[in-house]
Amino acid sequence: MISNNLNCSDHVEAINIEYGAKNFNYSLGNLMFKKEDVSKIIEKLKELFEVKVSDFKNGKIDYGMKILSKENKFFIDVALLNQSSYIIDIYGETIEEVHQIFDIIKEYETRMENDIIFFDSLSLTNQGLAVDGDYLSLKKDFKNLKTEFYPYLNYENLAESFLKSEEKILIFLGETGLGKSKIIKHLIKSAYENKDLVVTESDREDLEDADEENIRVATVKDTNVLSSPAFWKKINNDEYHFCLLDDLDDFLIPRKDSAGDKNKKDFMSQFLSSTDGIFENNCKFIISTNQTVSNIDDALLRRGRCFDILELRTLKREEAINVWTSYDLEENIFIDYFPKEINSINQSDLGSEIKIALKKKEDEKNQDINNYLLEEGISVLKKVKKKNQSKIGFN
């Protein structure tokens, strides 16, 4: 995954102040470009827009450049990564402007592929709703997903059924460590593979083929976003195909238990309206929570609004062994990591131990490769090292 190391909210606010802009609340970051292609990008932008380019150098050291459009519609931060590469972050007043710039320069992006899914992380700043954009590559970021971690579910069938249904809410229940985030990743991947069920008629108006449209996902972990009218406007305008609500347990509780909290009340009112057919949107909500069903507002769970509530469980020992061997690890060493008295194993613990076992296996393989001497005495260097390296100049 192309991660964004910036604190988007703080960084955007600094840019707004430095350049006199007020609404750089949308970003797409950490795009990688070859050094020789950056000049091509600048020339292309100059052909299409009136831009100001500022170079930042200290003697012969090139730190990058800033590109600002004349009307402050967008801002591009170009930072030197190494001798051959730059990292580019795009900021704009609207998500459409950010994606417009992205579409212009993406042909030069060194890690870009056709099969990508856009992920926007939403937060609330002093300037309003901020969008920190990222994307996942189907070939690179989803290639190691193992369905064996969840032997009680068929992802493809679940995704297809959810996408075809009128209901807009799918809830995953379970304690920490059961892999709720990973199972949601499986679902998004399956949704991409059923893109004809995701891309709406309005999406297709300017497209010759539905495959030209990428899946768009909003992720919300900032509770302040949930009561923001700007957020719900995006949802009801169909800017996203999916909205992921994670770790927002307190906002799901029955309204009678949060009567004095205006933010929770506003959220629930907007959420119920958005998922009840009052607004004509196609966004599907996927919720992961540690709450029990009894602690979730009944209105969210009624038929016609909620597709299903799935309670994840730990793996039985036999199921965990099946996951283990799917990584080409020997079954007979499984007991070294999970003693035979352990019959219930959560997905997080299993994943951690698999990483350790794979690292050990790789180290042993490398050690075997280095054991090329069948007769130790034929290595003059090893004998000299043991005696005194410095005598032949090995320091």
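Up top you'll find the structure we're talking about.
No experiment lies behind these values; they were computed from the predicted model shown.

Parameters and conventions
- Residues numbered from 1 in each chain as written.
- Predicted model: local features only at pLDDT ≥ 70, side-chain atom pairs only at ≥ 80, totals over all residues.
- Heavy atoms only, no water.
- Buried < 20%, exposed > 50% of the residue type's maximum accessible area, 1.4 Å probe, protein only.
- Helix = DSSP H or I, 4+ residues; strand = E, 2+ residues; numbered from the N terminus.
- Pairing = 2+ DSSP bridges.
- Right-handed = clockwise from strand over helix to strand, strands pointing away.
- Phe/Tyr/Trp six-rings, centres within 6.5 Å; stacked < 30°, edge-to-face > 60°.
- Salt bridge = Lys/Arg side-chain N within 4 Å of Asp/Glu carboxyl O.

Undergrad: Looking at this model, I keep getting lost on the pairing of strand β10 (residues 242-246). Mind explaining?
TA: Moving residue by residue along a regular strand, the side chains alternate between the two faces of the sheet. Across the 5 residues that make up β10, a large majority, 5, are buried. Across the two faces of β10 the burial is the same, with Phe242, Leu244 and Asp246 and Cys243 and Leu245 all buried. Sheet topology places strand β9 (residues 215-220) next to β10; 4 bridges connect them, and they run parallel. Bridging from a neighbouring strand, Val220 pairs with Leu245 of β10. Note on the crossover from β9 through helix α9 (residues 229-236) to β10: the handedness is right-handed. Where β10 and strand β11 (residues 284-289) come together, 5 bridges link them in parallel fashion. Each residue of the ladder has a partner; that of Leu244, found in β11, is Ile286.

Undergrad: So what exactly am I meant to see when it comes to the environment of Glu109 here?
TA: By the element assignment, Glu109 lies in the loop between α3 (95-105) and β6 (116-125). Looking at Glu109, the relative accessible area reads 5%, which means it is buried. Note: C-alpha distance between Glu109 and Ile87 (22 residues apart in sequence) is 9.7 Å.

Undergrad: Help me out: how do you make sense of the packing of aromatic side chains in this one?
TA: Two descriptors summarise a pair of aromatic rings, namely the distance from one centre to the other and the angle between the planes of the rings. Taken as a whole and judged by the stated rule, the model has 15 aromatic pairs. A ring pair is formed by Phe267 and Phe271, whose centres lie 5.2 Å apart and whose planes are at 25°; its orientation type is stacked. With Phe267 and Phe271 both in helix α10 (residues 262-274) and 4 residues apart, this pair spans about one turn of that helix. The exposure class of Phe267 is buried, given its relative accessible area of 1%. By relative accessible area, which is 0% here, Phe271 ends up buried. With centroids separated by 4.8 Å and ring planes inclined at 70°, the aromatic side chains of Phe271 and Phe285 adopt a geometry described as edge-to-face. With Phe271 in helix α10 and Phe285 in strand β11, the pair connects residues that are 14 residues apart, well separated along the chain. Comparing Phe271 with Phe285 shows no difference in burial state: the two are buried. Through a chain of ring-to-ring contacts, three or more aromatic side chains come together here, namely Phe231, Trp232, Phe267, Phe271 and Phe285.

Undergrad: How do you make sense of the pairing of β6 when you look at a structure like this?
TA: Burial analysis of β6 places 8 of its 10 residues in the buried class, which makes it a mostly covered element. Here 10 bridges tie β6 to strand β7 (residues 128-137), and the two strands are oriented antiparallel to one another. From the neighbouring strand, Asp120 faces β7, where its bridge partner is Gly133. Counted along the chain from β6 to the antiparallel partner β7, the turn is 2 residues long. In the sheet, β6 pairs with β9 via 6 bridges, with the strands oriented parallel. Counted as the bridge partner of Asp120 is Ala218 from β9.

Undergrad: Would you explain unusual backbone geometry in this entry?
TA: Peptide bonds are mostly trans, and most non-glycine residues show a negative phi. A positive phi angle, near 60°, is found at Asp238, a position not held by glycine. On the secondary structure map, Asp238 appears in the loop between α9 and β10. Residue class for Asp238 comes out buried when judged on its relative accessible area of 16%. Residue Asp328 is not a glycine yet carries a positive backbone phi of 60°.

Undergrad: It is not clear to me how the pattern of salt bridges should be interpreted in this structure. Could you clarify?
TA: Proximity of charged atoms lets side chains of opposite charge pair with each other. On inspection of all chains with the given rule, the structure shows 9 salt bridges. Lys189 is the partner of Glu193 in a salt bridge, and the nearest nitrogen-oxygen pair spans 2.7 Å. Of the two residues, Glu193 and Lys189 are both situated in helix α6 (residues 180-193); the distance of 4 residues between them amounts to about one turn of the helix. Residue Asp363 pairs with Lys359 through a salt bridge whose shortest N-O separation is 2.9 Å. One end of the pair is Asp363 and the other is Lys359, both in helix α14 (residues 347-370) and 4 residues apart, which spans about a single turn.

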